[in-house]
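An overview of the molecular structure
Here are the chains, one letter per residue:
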Amino acid sequence: MPIYKKSGIKGSRNYKPLDNNVDYGTRQIDQMPIACCDPRSPYGGQFGERTLRACERVTSLCLSACKAIFVGDVSAGKSSLVNRFCHDVFDRNYNRTIGVDFEVEKFLVLAHAFNLQICDTAGYERFRCTSESYYRNANAVVVVFDLTNAESLRNAERWLDEALQLNRPEILRFLVGTKRDLLVSTPHNQIENEAKQMAREMKAEFWSVSAESGENVTKFFRRLTALSFDTTVQRLLGSNNPISHPSGNSLLNLYYLKEDRKIKKSKKCSFCRIN
Ligand SMILES: Nc1nc2c(ncn2[C@@H]2O[C@H](COP(=O)(O)OP(=O)(O)OP(=O)(O)O)[C@@H](O)[C@H]2O)c(=O)[nH]1
Ligand SMILES: [Mg+2]
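Everything numeric in this text was worked out from a predicted model, so none of it was measured.

Here's the deal with the confidence of the model for the protein chain
Predicted confidence across the protein chain gives a mean pLDDT of 81, with 75% of residues reaching 70 or more. Counting contacts from residues 15-19, a segment whose pLDDT is below 50, to residues more than four positions away or on other chains yields 16 contacts.

Below you can see the structure in the form of structure tokens.
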């Protein structure tokens, strides 16, 4: 993970990455990962042109964080999914989440440092009011259901609606079925087909994963992160967007290296004028 050191100029916003050659491994994303469980995904298979241009042109575009909220029924497998990815562990015992658990994962997307903030919320009704306060300002909502429990799939739309009440409608949407290891291995499982249909109605991308075996877990998080990065950069580049300016109270900020100052000088406000 490159460390960003402030440049010597007092009051400067310029940051310079230290070249400490850290291997990001699976956290390094150079191409848009594919939606391997959902050929009819509402999201694209490539990074947007503007994202690629901005990433090439600005050597130190640094987005501090994006937020993904994980919601779904009690015992659907939210925490197990997050723990498999973040800590590579799986626990057969059920430890319910109280309120919200947080994780931050560091990525390198198109050579730019990028953090994914994960909010793993409680499925229990009685903790709902605590966790709802963390729903706001999310970039992605991940509705998790249990592939062995049809009821948890039927509740998926309700979880999405709750998240949408506190977020923009264009928030990235994922419908993720867990415990795939417990399904009989037929190529077209009934519940997966139903879930794909529901994903269409929810305008979400469908994934089928297993926290126990790790199947599709890393692929899913890489796709989630890449799409969050892409949509965030595009939104920041868009004009007339209140969160595109660093003076706003967004989680997101853009910093530029000294090398970009020539480009910046020709513009009134570099934060709003990249094309
Ligand atoms: N076999 C199998 N079991 C799983 C999988 N994912 C989760 N489980 C089990 O399902 C139970 C519930 O998992 P959790 O991850 O705690 O569920 P949760 O959605 O976080 O539950 P709440 O925090 O109460 O909302 C645990 O006993 C897990 O071991 C999986 O992929 N395969
Ligand atoms: Mg949990």
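Structural notes on the nonpolar core
Grouped together as the largest cluster of nonpolar side chains are 59 residues, with contacts concentrated most on Ala-68, Ile-69, Val-142, Val-143, Phe-174 and Leu-175. Of the residues forming this core, the biggest block, 10 residues, is contributed by helix α7 (residues 217-237). Ignoring sequence-local partners within four residues, the contact set of Val-143 consists of Val-71, Gly-72, Ala-156, Trp-159, Leu-160, Phe-174, Leu-175 and Val-176.

Some details on α7
With 21 residues, α7 extends 30 Å between its outermost C-alpha atoms, agreeing within 8% with the 30 Å of an ideal straight helix rising 1.5 Å per residue. Of all 21 residues in α7, 16 are buried; the element is thus mostly enclosed.

Focus on the environment of Arg-222
Position of Arg-222 relative to the elements: it lies in helix α7. Accessibility expressed as a C-beta count within 10 Å gives 20 for Arg-222, which makes it buried. Taking the C-alpha atoms as reference, Arg-222 lies 7.2 Å from Arg-27; in sequence the two are 195 residues apart. The residues touching Arg-222, leaving out its near neighbours within four places in the chain, are Thr-26, Ile-29 and Pro-33.

Side note on unusual backbone geometry
Backbone geometry places Asp-88, a non-glycine residue, at a positive phi of 50°. Structurally, Asp-88 can be placed in the loop between α2 (78-87) and β5 (100-109). A tally of 10 C-beta atoms within 10 Å means that Asp-88 is categorised as exposed.

Scoring rules and cut-offs
Residues numbered from 1 in each chain as written. Chains lettered and ligands numbered in written order. Predicted model: local features only at pLDDT ≥ 70, side-chain atom pairs only at ≥ 80, totals over all residues. pLDDT = per-residue confidence, 0-100. Contact = placed C-beta atoms within 7 Å. Core = buried A, V, L, I, M, F, W, Y, C linked by C-beta atoms within 7 Å. Buried ≥ 20, exposed ≤ 12 C-beta atoms within 10 Å, placed from the backbone. Helix = DSSP H or I, 4+ residues; strand = E, 2+ residues; numbered from the N terminus. Expected span 1.5 Å × (residues − 1).

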